[in-house]
Amino acid sequence: VPDGAENTAPGGAGYSPVQNSLMHSSQMLDGQGFGSTVPGLYSHQIPTKVPVHPSSGQYNFGGSQNVSLLSNQGSGQTLNRPPAGLISMAPLQHTSSVPQMLPPSQNSAAIPSSSSSFVPGAYPPALSNWQYGQTPMSQPTGSQTNHFAHVAGTLPTQPLSSGSTNPATSYQYTVSPGGPPLQNSYMKPGKKDKVNIRTLVQWHMFGLSYTSGYKTTTYPSPVPQNLKMGRNVGYSYPTLPPGYQNASSPGAPGMQSSPLQYQAGPQPFPQPALGTNHITGSMSGLSLQPEGLRSINLLQERNILPTTPLQAPVPNLHEEIQKLNCNPELFRCTLTNIPQTQALLNKAKLPLGLLLHPFKDLSQLPVVTSSTIVRCRSCRTYINPFVSFLDQRRWKCNLCYRVNDVPEEFMYNPVTRVYGEPHKRPEVQNATIEFMAPSEYMLRPPQPPVYLFVFDVSHNAIETGYLTTVSKTLLDNLDLLPGNTRTKIGFITFDSTIHFYSLQEGLSQPQMLIVSDIEDVFIPMPENLLVNLNENKELIQDLLRTLPQMFTKSLETQSALGPALQAAFKLMSPTGGRISVFQTQLPSVGVGSLKSREEPNQRASAKDIHLTPSTDFYKKLALDCSGQQVAVDLFLLSGQYSDLASLGCISRYSAGSVYYYQSYHHQHNPVQVEKLQKELKRYLTRKIGFEAVMRIRCTKGLSIHTFHGNFFVRSTDLLSLPNVNPDAGYAVQMSVEESLTDMPVVSFQSALLYTSSKGERRIRVHTMCLPVVTTLNDVYLGADVQAITGLLANMAVDRSVSASLSDARDALVNAVIDSLSAYRSSVLSIQQPGLMAPYSLRLFPLHVLALLKQKAFQTGTNIRLDERIFTMCQVKNQPLIFLMLMTHPNLYRVDNLTDEGALNINDRTIPQPPILQLSVEKLSRDGAYLMDAGSVMFMWVGKNCGQNFVSQVLGVPSYVSIPQNMTHLPELETAESTRTIAFISWLREQRPFFPILHIIRDESPLKSSFLQNMIEDRTESALSYYEFLLHIQQQVNK
Amino acid sequence: NIFKFVQFKFLLCSYLITFDELKTDYKNPIDQCNTLNPTVEKVKKIKRVKIALKLVLPEYLIHAFFCVMFLCAAEWLTLGLNMPLLAYHIWRYMSRPVMSGPGLYDPTTIMNADILAYCQKEGWCKLAFYLLSFFYYLYGMIYVLVSS
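Please read all numbers here as calculations on a predicted model, not as lab measurements.

Student: Run through the overall build of chain A, naming residues and quoting values.
Tutor: When helices and strands are counted, chain A shows 37 helices and 35 strands. Buried positions account for 67% of the 1038 residues belonging to chain A. Of all intrachain contacts in chain A linking residues separated by at least 6 positions in sequence, the fraction that spans at least 24 positions is 76%. When the accessible area of chain A is evaluated, it comes to approximately 34700 Å², of which 53% is carbon and sulfur surface.

Student: Help me get a handle on the sheet that holds strand β7 (residues 388-391) of chain A, residues and values and all.
Tutor: All names here are of chain A. The three strands are arranged β7-β8-β9 in an open sheet whose pairing can be described as antiparallel. Two strands lie at the open edges of the sheet, namely β7 and β9 (403-405), each paired on one side alone. Across this sheet, the average inter-strand angle for adjacent strands is 35 degrees, counted without regard to direction. Direction of pairing for strand β8 (residues 394-396) relative to β9: antiparallel, over a ladder of three bridges. Among the inter-strand pairings, Trp395 is bridged to a residue of β9, identified as Asn404.

Student: Just give me the short version of the UniProt feature "domain: Sec23/Sec24 beta-sandwich" (unreviewed entry) in chain A, but keep the residues and values in it.
Tutor: The UniProt feature table records "domain: Sec23/Sec24 beta-sandwich" (unreviewed entry) at residues 689-773 of chain A. Secondary structure across residues 689-773 of chain A divides into 0% helix and 71% strand, with the first and last C-alpha atoms of the span separated by 38 Å.

Student: Tell me about the nonpolar core, and name the residues and values.
Tutor: Residue and element names in this part refer to chain A. Core analysis: the largest hydrophobic core is formed by 202 residues, its most contacted members being Ile338, Leu354, Leu702, Phe748, Leu930, Met939 and Leu954. For this core, the leading source of residues is helix α30 (residues 805-826), giving 10 residues. Sequence-distant contacts of Leu930, defined by excluding residues within four places in its chain, comprise Asn890, Leu891, Tyr892, Val894, Met937, Phe938, Met939, Phe983, Ile984, Leu987 and Leu997. Leu474, Phe551, Phe635 and Tyr661 belong to the second-largest nonpolar core, a separate cluster that totals 37 residues.

Student: Before we move on, could you go through the packing of helix α20 (residues 466-476) of chain A against helix α27 (residues 670-685) of chain A and cite the residues and values that matter?
Tutor: Residues and elements named next belong to chain A. Where α20 contacts α27, the axes come no closer than 10 Å and their chain directions differ by 35 degrees. Pair α20 / α27 crosses with right-handed handedness. Contacts between α20 and α27 involve Thr469, Val470, Thr473 and Leu474 from the first element and Val673, Leu676, Gln677, Leu680, Lys681 and Leu684 from the second. For the contact of α20 with α27, the per-class residue count stands at six nonpolar, three polar and one charged.

Student: Can you tell me about the packing of aromatic side chains, naming the residues and giving the values?
Tutor: Following the criterion strictly, the structure yields 25 aromatic pairs over all chains and no others. Against the face of Tyr683 of chain A rests Arg578 of chain A, its NZ or CZ located 4.2 Å from the ring centre.

Student: For the side chain of Asp1017 of chain A, give the residues involved together with the corresponding values.
Tutor: Residues and elements named next belong to chain A. Inspection of the secondary structure assignment puts Asp1017 in the loop between α36 (1007-1012) and α37 (1025-1036). Although buried, Asp1017 forms no salt bridge, and the nearest oppositely charged side chain, Lys853, lies 7.2 Å from it. Beyond its immediate sequence surroundings of up to four residues, Asp1017 is in contact with Lys853, Leu918, Ser919, Val920, Leu1023 and Ser1024.

Student: Talk me through a nonpolar patch on the surface; I want residue IDs and the actual numbers.
Tutor: All names here are of chain A. Together, Met512, Ile514 and Met550 make up a nonpolar patch on the protein surface, roughly 260 Å² of accessible area in all. Among the secondary structure elements, Met512 is positioned in strand β16 (residues 511-515). By relative accessible area, Met512 is classed as partly exposed at 33%.

Student: Quick one: what's the story with the packing of helix α4 (residues 76-94) of chain B against helix α5 (residues 113-147) of chain B, residue by residue and with numbers?
Tutor: All names here are of chain B. With their axes 12 Å apart at the nearest point, α4 and α5 run at an angle of 160 degrees to one another. Between α4 and α5, the interaxial angle falls into the category roughly antiparallel. You can see that α4 and α5 cross each other, and the crossing is left-handed. Contacts from Leu77, Thr78, Leu81, Asn82, Leu85, Tyr88, His89, Trp91 and Arg92 of α4 reach α5 at Tyr118, Cys119, Glu122, Lys126, Phe129, Tyr130, Tyr136 and Tyr137.

Student: Tell me about the side chain of Ser735 of chain A, residues and numbers included.
Tutor: With respect to the helices and strands, Ser735 of chain A occurs in strand β25 (residues 730-736). Among all residues touching Ser735 of chain A, those that are not within four sequence positions of it are Gln342, Gly701, Leu702, Ser703 and His705 of chain A.

Student: Explain the pairing of strand β15 (residues 498-502) of chain A to me, and be specific about the residues and the numbers.
Tutor: All names here are of chain A. Within β15, five of the five residues are buried, which leaves the element mostly enclosed by the surrounding structure. Pairing of strand β14 (residues 488-494) with β15 involves three bridges; the strand directions are antiparallel. Considered in β15, the bridge of Phe494 is made with Ile498. As consecutive antiparallel partners, β14 and β15 are separated by three residues. The pairing of β15 with β16 spans five bridges and is classified as antiparallel. The residue of β16 that forms the bridge with Tyr501 is Met512.

Student: Hey, could you go over the environment of Leu530 of chain A for me, with residue numbers and the actual values?
Tutor: All names here are of chain A. Mapped onto the fold, Leu530 is located in the loop between α21 (526-529) and β17 (531-532). Along the backbone, Leu530 and Met572 are 42 residues apart, and their C-alpha atoms lie at a distance of 8.5 Å. Residues within four places of Leu530 in sequence aside, it is in contact with Val450, Tyr451, Leu452, Lys488, Ile489, Gly490, Leu571 and Met572.

Student: With reference to specific residues and values, describe the UniProt feature "transmembrane region" (unreviewed entry) in chain B.
Tutor: Residues and elements named next belong to chain B. Cross-referencing UniProt, the feature "transmembrane region" (unreviewed entry) maps to residues 60-86 and 127-146 in the present numbering. End C-alpha to end C-alpha, residues 60-86 measures 8 Å, and it is 89% helix and 0% strand. Across residues 127-146 one finds 100% helix and 0% strand; the C-alpha atoms that close the span lie 28 Å apart.

Student: Requested: an account of the state of the cysteines, with residues and values cited.
Tutor: What the rule picks out here adds up to zero disulfides over all chains. The closest cysteine sulfur to the non-disulfide-bonded Cys698 of chain A is located on Cys333 of chain A, 10 Å from its own sulfur. Relative accessible area serves as the criterion here: at 14%, Cys698 of chain A is assigned to the buried category. There is no disulfide at Cys72 of chain B, and the cysteine sulfur nearest it, in Cys67 of chain B, is 11 Å away. Under the relative-accessibility criterion, Cys72 of chain B is labelled exposed at 63%.

Student: Describe the sheet that holds strand β33 (residues 928-932) of chain A, with residues and values.
Tutor: Residue and element names in this part refer to chain A. One open sheet accounts for five strands, arranged β32-β29-β33-β34-β35; its pairing is mixed. What marks the edges here is a single partner per strand, and that holds for β32 (915-916) and β35 (996-1000). Against the sheet, helix α35 (residues 975-989) makes contact with β29 (890-893), β33, β34 (936-941) and β35, and its axis sits at roughly 155 degrees relative to β34, the strand it touches most.

Student: Could you give an account of unusual backbone geometry, with specific residues and numbers?
Tutor: All names here are of chain A. Of note in the backbone geometry, Tyr401 takes a positive phi value of approximately 65 degrees without being a glycine. Here Tyr401 lies in the loop between β8 and β9. With a phi close to 45 degrees, Met525 is a non-glycine residue in the positive phi region. Mapped onto the elements of the fold, Met525 is located in the loop between β16 and α21.

Student: Kindly report on the pattern of salt bridges, identifying the contributing residues and their values.
Tutor: Residues and elements named next belong to chain A. According to the stated counting rule, one finds 29 salt bridges over all chains in the structure shown. A salt bridge links Asp784 to Arg332; its shortest N-O distance comes to 2.6 Å. Of the two residues, Asp784 sits in the loop between α28 (776-781) and α29 (785-802) while Arg332 sits in strand β3 (residues 331-333), which places them 452 residues apart along the sequence. Residue classification places Asp784 among the buried positions, given a relative accessible area of 2%. Of the residues examined, Arg332 reaches a relative accessible area of 9% and is grouped as buried. Connected through shared salt-bridge partners, Asp361, Arg682, Arg686 and Asp727 make up one network.

Student: Residues and numbers for helix α23 (residues 561-572) of chain A, please.
Tutor: Residues and elements named next belong to chain A. Taking 1.5 Å of rise per residue, 12 residues should cover 16 Å, and α23 covers 16 Å from first to last C-alpha, within 8% of that figure. Of all 12 residues in α23, 10 are buried; the element is thus mostly enclosed. Looking at α23, one finds that the buried residues are Leu561, Gly562, Pro563, Ala564, Leu565, Ala567, Ala568, Phe569, Leu571 and Met572.

Student: Tell me what's going on with the confidence of the model for chain B, and back it up with residues and numbers.
Tutor: All names here are of chain B. Averaged over every residue, the pLDDT of chain B is 67; residues scoring 70 or more account for 57%. For the stretch residues 22-44, pLDDT sits under 50, and the model shows 38 contacts to residues farther than four places along the chain or on other chains. As scored by the predictor, the complex reaches a pTM of 0.74 and an ipTM of 0.73.

About the thresholds
- Residues numbered from 1 in each chain as written.
- Chains lettered and ligands numbered in written order.
- Predicted model: local features only at pLDDT ≥ 70, side-chain atom pairs only at ≥ 80, totals over all residues.
- Heavy atoms only, no water.
- Helix = DSSP H or I, 4+ residues; strand = E, 2+ residues; numbered from the N terminus.
- Buried < 20%, exposed > 50% of the residue type's maximum accessible area, 1.4 Å probe, protein only.
- Contact = heavy atoms within 4.5 Å.
- Areas by Shrake-Rupley, 256 points an atom, 1.4 Å probe, with all protein chains shown as cover.
- Pairing = 2+ DSSP bridges.
- Axes fitted to C-alpha atoms, helices over the stretch in contact; angles between N-to-C directions.
- UniProt positions renumbered as here; feature names shortened; annotations may be inferred.
- Core = buried A, V, L, I, M, F, W, Y, C linked by side-chain atoms within 4.5 Å.
- Left-handed = near helix turned anticlockwise from the far one by under 90°.
- Nonpolar A, V, L, I, M, F, W, Y, C, P; charged D, E, K, R; others polar.
- Phe/Tyr/Trp six-rings, centres within 6.5 Å; stacked < 30°, edge-to-face > 60°.
- Lys NZ or Arg CZ within 6 Å of the ring centre and 35° of its normal.
- Lys, Arg positive; Asp, Glu negative; His and termini not counted.
- Salt bridge = Lys/Arg side-chain N within 4 Å of Asp/Glu carboxyl O.
- Patch = residues over 30% accessible without salt bridge, like charges linked within 9 Å, V, L, I, M, F, W, Y side chains within 5 Å.
- Parallel < 35°, antiparallel > 145°, perpendicular 65-115°, else oblique.
- Disulfide = S-S within 2.5 Å.
- Expected span 1.5 Å × (residues − 1).
- pLDDT = per-residue confidence, 0-100.

In structure tokens, the structure reads:
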């Protein structure tokens, strides 16, 4: 990243919300993290209903409110960001500008007020329960209770000194008001009827929180201190949602499966000056153990899988901070409580790392245009919500702790049009933000979007008939290719020779130029091969129409992929861009030719399979490409072995992506044809960033260890990404280099600098803030089991390549054994029989077992080498949510879908059936089940399935007449059909690839694939879940 | 006499190698102290890695040449001391990643913290070894000079 010069000249700063065209339906959640600032609190909760327009409505929320929120903001922030000169403080409150300082006398009032506010919440049992637990503890020591007070969110601005005991407070941990997704997770498990109507719930909560909050405000504040900011007091309450919390805590009464771990978090808030560490100690002194700290005997818990999708745990931060924190879909850490030292991390035996999805399509993304991008002068961190303002003129970097000046221009807030509020700028209010980069961030003028397509046209390729599909899809989407008037496009085809297509203006039809010298490839007429898309559209369309027919009589069986790639690289190197390669067989002539290495008989032995590339040609070429900002995407459509291990390097190191369509054939395999069509459409039309680099910074003391994903690591924290696409995920392993003493929180920042398809240089910055903990118990408490599984999968891929597959499998099992035995020996005081696991890791063995049974790591003969390697590529390149789905599919019963608890999106009703465990015992012969395994879906119809379902949904008269390879549901005019189709298409819309639906019955050949995904059951070569647990127990208790 | 001459040459060469090794180290103490500006440090680190990539082969060759010279001079003890390192070098080169050209390090994995740390440790160990052997050769040479 080129260093941005510090420009102090005040310049016009604009601020505009960007509505992303590619919007995933379920991502309204993004809204809460992105488009808005503090005043937007309420709109956070109604993101789908009200598109957030940060520039207008939100920020001008009303004068008085703004003022109050300002003070609230300053005070609630533990990072100490007082609005300068606003309030004169008593020394006790020096950490923040605290608008409400509740004196003891008011405390008594505060208690009833908040408890009364719980009544509308309608969950008195939970309340009393917790009151019972908490009150005694909070009584004796005034200062401790304060944390709870904070937590409660009822009084987020309370200073430590106030000593108010608020029984309601314990609820805080259950919810972060900023996060609708969490609310969902809490709602679901506890309640029988599964309230899934997010928007509705949110509205509901909104109402509740408002009223109760309002009630609270009516209490007068009798103390002069309060009167000082008296005009604020009334209004500062709206941010306090006691009722809201109460409403969202019904998860609690459920006890069994409710995610209580978050409530428990007895750790201190990251409030540096408040020195809150003692709370942990005081908690441990209590006999009452919070539910989240509960450990679970895995051998006894039969129904451990939650019935709703698992949500990321919420970092145990002050709600004001957590509200600003990065969306877990974009940025996620394996341990939401960062261990203070490497020794503690080693003790926990859990991997520390980040999982990123930095370029995800967002529905709400604030974009800042400013001549000065404010960054730390020493570590170049972008200013973010977690920095602290020492005064109005200086801010302290949260990564290196250097004190920086606030530039003059930054003093003016373009959103509120107020001068002197640097802490209210969008940069400081959004953890995810995009900057328009000035020219200092360009090494050269932004490149035009350049797309080059390289087609295999050997006999084998023509046989598969892929060219027809690809040409047609390309033709249909030519206008949708991201770009502008500068977009360039070109085509190369190859068999044993290389064919270029001159699309020069003035030609009546495209001219084919054949280069047969594949030893020393040269480019004929380079200026006419890559042409402007808009100016030459007719020629291009003409070419695409004729291309499929041009080689139908070709008898050439050789494939010169290597030379063709070299030619493509030469053609692209002046500009950079994207090369899309379609290959159908093993390259056989010229440089980079490969030999078949797969020996079908030896598939079984996990030892001797070829996961490493046989040549470094593709890797070297990829590095050359990377240097010239060229990315190569590989589409492999092959029936035979094509050595993806070697070929894949071309995409892996040039930040491309790999697509694999096994046994593609236009007639014999129509399913793959549809898949290719759909995925190619997404591929062509999705957003793209060119000449990108991504840098990940973290607080001093932490360091990056290893990166996972498709890229070239240019330095220890800089990834070179010639192209970046919204479907790519990355993982990072971290280590604690220096002890994080005296740091209550740490932050991570990823900055992605890219050129958009419109030729703008942009920087997308994500910042995440996490608390630091000192005890092992807290580390386990904050473990994010999905992220851990994702990171372990990435590490296991590396391990299988560098060592062997069996090594990787052992490492995965050991990861579970080590962490659980560390938990047993270090955390559990009473040794109980059985296999104890912390609540946060209760799904860990199941997920690891799922990984072991996944195609990438499974043993057995039924998986082909290329398929295995492709799955490994996916593990490395997929964002976490899809990786988890691929690993542990979701199973739903679909023959009795109801509208109860359904989601409502754009007038569509989407039923939300509960997720079932992946075990045959959950299947019944008289039902129909849908298994969603990410890139493929199976619908298994039981033999005695209701006639109603068979005729109303499948549209066939009886069970026996279900066709053998049915892949589509007919659109029938029945309620059942509408529901099923709505549900399936909703699942499909959430992902960039197109999962094929296979409808299978007992006799179908695909039934084995379906049963293969039944992870909890025993298969020929793998243990069942229970056996696996026993195995782990044996090892743990050793 | 020939023996002395050979010893002297060793001296020079070993000095050269030591010097090389110093450069080969990615992180010198000055940089380690210089935590004020981590980015600068990182840039320097990368440059040093690049130098290391170029220097690794000459170092191996010079060391191998030494061993041959010791063999010629029938310096069995010295040769014995150098054999483990020679063996290590050979093993290291045999187990290098798949690569068409000469070289030892894979640019795609060198930035991995584990490998970087390993290379660094290796560099320091070798530096210590070369320094010790340098003094040993010096001692040998002076001993020969004095005794003759």
